[in-house]
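# Architecture and fold: a report
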There are 2 protein chains.
Amino acid sequence: MDQRTPRELLSFSSCDKQEWNADNCPVRDVMNQIAGKWATLLLLALSEKPYRFGELRRLVPDISQRMLTQTLRDLQRDGYVERTVFPTKPPSVEYKMTPLGHSLFSRLQGVMSWAAAHHGEIRAAREKFDASELAA
Amino acid sequence: MDQRTPRELLSFSSCDKQEWNADNCPVRDVMNQIAGKWATLLLLALSEKPYRFGELRRLVPDISQRMLTQTLRDLQRDGYVERTVFPTKPPSVEYKMTPLGHSLFSRLQGVMSWAAAHHGEIRAAREKFDASELAA
DNA sequence: CCGGATCCCACACGATACTG
DNA sequence: CAGTATCGTGTGGGATCCGG
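The structure contained in this document is the topic of the report that follows. All figures in this text were calculated on a predicted structure; none of them were measured in a lab. (Residues numbered from 1 in each chain as written. Chains lettered and ligands numbered in written order. Predicted model: local features only at pLDDT ≥ 70, side-chain atom pairs only at ≥ 80, totals over all residues. Heavy atoms only, no water.)

Each helix and strand in chain A was counted, giving six helices and three strands. Written out in order from the N terminus, the α and β elements of chain A read α-α-α-β-α-α-β-β-α. Within the span of chain A, comprising 136 residues, buried residues form 45% of the whole. Look at the contacts in chain A between residues 6 or more apart in sequence, and 41% of them connect residues 24 or more apart. Accessible area of chain A: about 7,100 Å², with a carbon and sulfur share of 52%. (Helix = DSSP H or I, 4+ residues; strand = E, 2+ residues; numbered from the N terminus. Buried < 20%, exposed > 50% of the residue type's maximum accessible area, 1.4 Å probe, protein only. Contact = heavy atoms within 4.5 Å. Areas by Shrake-Rupley, 256 points an atom, 1.4 Å probe, with all protein chains shown as cover.)

Before going further, it helps to examine the interface of chain B and chain A. Facing the 67 residues of chain B at the interface are 69 residues of chain A. Between chain B and chain A the total buried area reaches about 6,200 Å² when both faces are included, carbon and sulfur atoms providing 61% of it. It is B:R77, B:W114 and B:R126 that lose the most area in chain B upon contact with chain A, and together they represent 12% of the buried surface on that side. Linking chain B to chain A there are 10 salt bridges. Taking the shortest distance from any N to any O, the salt bridge between B:D130 and A:R77 comes out at 2.4 Å. The interface formed by chain B and chain A contains 18 residue pairs in polar contact (both at pLDDT 80 or more). Within the residue set of the side of chain B that touches chain A, elements represented by two or more residues are α1 (6–13), α2 (26–34), α3 (39–46), α5 (65–77) and α6 (99–133) of chain B. (Buried area = accessible area lost by both parts, 1.4 Å probe. Salt bridge = Lys/Arg side-chain N within 4 Å of Asp/Glu carboxyl O. Polar contact = N/O pair within 3.5 Å; in protein donor to acceptor, adjacent residues only side chain to side chain.)

Another aspect to go through is the sheet that holds strand β3 (residues 92–97) of chain A. All names here are of chain A. Spatially, the three strands line up as an open sheet ordered β1-β3-β2, and their pairing is antiparallel. For this open sheet the edge positions go to β1 (51–52) and β2 (81–86), each flanked by a neighbour on one side alone. Here helix α3 (residues 39–48) sits on the sheet and contacts β1, β2 and β3; the angle it forms with β3, its principal contact strand, is near 90°. (Pairing = 2+ DSSP bridges. Axes fitted to C-alpha atoms, helices over the stretch in contact; angles between N-to-C directions.)

Turning our eyes to something else, we now look at the sheet that holds strand β1 (residues 51–52) of chain B. Here we have three strands laid out as an open sheet, ordered β1-β3-β2 (chain B), and antiparallel in their pairing. In the strand order of this sheet, the two ends are held by β1 and β2 (81–86) of chain B, each with one partner.

Below, the discussion takes up the relation of the copies chain B and chain A. When chain B is brought onto chain A, the operation consists of a screw motion whose angular component is 180° and whose axial shift is 0.0 Å, with 0.1 Å RMSD remaining. These values place the two chain copies in the arrangement generated by a two-fold rotation axis. Among all residues of chain B, the one whose C-alpha sits closest to the rotation axis is B:A35, at a distance of 2.3 Å. Here 100% of the interface residues in chain B have copies in chain A that are interface residues too; the copies meet face to matching face. (Least-squares fit on C-alpha atoms with pLDDT ≥ 70 in both.)

Attention now goes to the protein's contact with DNA strand D. In the vicinity of DNA strand D, 18 residues are found, and the nearest of them are A:G54, A:R83, A:Y95, B:R66 and B:M67. Considering the 4 Å shell around the protein, atoms of DNA strand D inside it are sugar or phosphate in 60% of instances. Between DNA strand D and the protein, one listed contact pairs a phosphate oxygen with a backbone N or O atom of A:V93 at 3.4 Å. Contact distances for DNA strand D include 2.6 Å between a phosphate oxygen and a side-chain N or O atom of A:Y95. Looking at the surface near DNA strand D, the elements that each hand over two or more residues are α4 (53–59), α5 (65–77) and β3 of chain A together with α5 of chain B. By residue class, the composition of the surface near DNA strand D is seven nonpolar, six polar and five charged. (Near = heavy atom within 4 Å. Nonpolar A, V, L, I, M, F, W, Y, C, P; charged D, E, K, R; others polar.)

Secondary-structure assignment places B:S113 in helix α6. There is a polar contact of 2.6 Å between the side chain of B:S113 and the backbone oxygen of B:Q109.

Right, let's talk about the pattern of salt bridges for a bit. Where charged atoms from two side chains of opposite charge approach closely, those side chains can pair. Evaluated as defined, the whole model comprises 10 salt bridges over all chains. Linking A:D62 and B:R28 is a salt bridge whose minimum nitrogen-to-oxygen distance equals 3.1 Å. Of the two residues, A:D62 is situated in the loop between α4 and α5 and B:R28 in helix α2; the pairing between them involves two chains. Its relative accessible area of 38% is what places A:D62 among the partly exposed residues. For B:R28, a relative accessible area of 6% puts it in the buried group. B:D78 is the salt-bridge partner of A:R126, the closest N and O atoms lying 2.7 Å from each other. Here B:D78 lies in the loop between α5 and β2 and A:R126 lies in helix α6 (residues 99–133), a pairing that spans two chains. A single salt-bridge network, built from bridges that share partners, covers A:D29, A:D78, B:R123 and B:R126.

Take a look at the structure:
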């Protein structure tokens, strides 16, 4: 159903079935899209409320126009985000998260808050690892 | 604590604080590591039980040696995986998920099973999008 | 069996300039 | 305001050979 066992997921992902080349594996196919540098950040922003193009730019200061446009298009393509053009003058465009997007985001939020909560442990682990590397 | 609000996470991620350049943002820092092509698959495999190098290769048939080695090293560096060398002959190396790794994985599993469950909807959304694109 | 070292390429991403 | 178009680059990742 909705919470699958690791083994199930693995058989979905490891492409042991011929019919699933790498790009048809459900897990990989979805993950590869949100694995981009900006997708998660934009989903994060849009999870609260709809935003316009320029507003998103300000929310994520160091994204380039190009990547903002492109990432939003990809999110729209996968059905996570809805794009509405208001023919005002000058025109404005609103991006709004769909139910599918919210559904995905609720899972992503779990990972992101985990990341925020355990960042310290991870940085510590890295330093320890890098230190014991200097035995070279 | 453990489940943060979107707004909290966004302020953690958008680098509006000077002290957090892009690579110091907790969310981005952690996400960028697991966003790789293989990290999630390996965590998936190791979540069940420890595996040896060659076993992992067979579980994920289309990974190259190079990326298997490298990804495992990164996972080890971040503290998700423990590496133990058995000085047998020929040597064998076991990779085992740490408590920290299991903790992260429990969150990732949520995303992955979501992906498996909703893959159909997403593919449908894509086809629809691509079709309405042909009005060009 | 478990990798390290090297070569090479595709593509994600950034910077800049231009349009309706 | 909300984008497209073009160019240039860093690096993630594959293929192959080599070593303990």
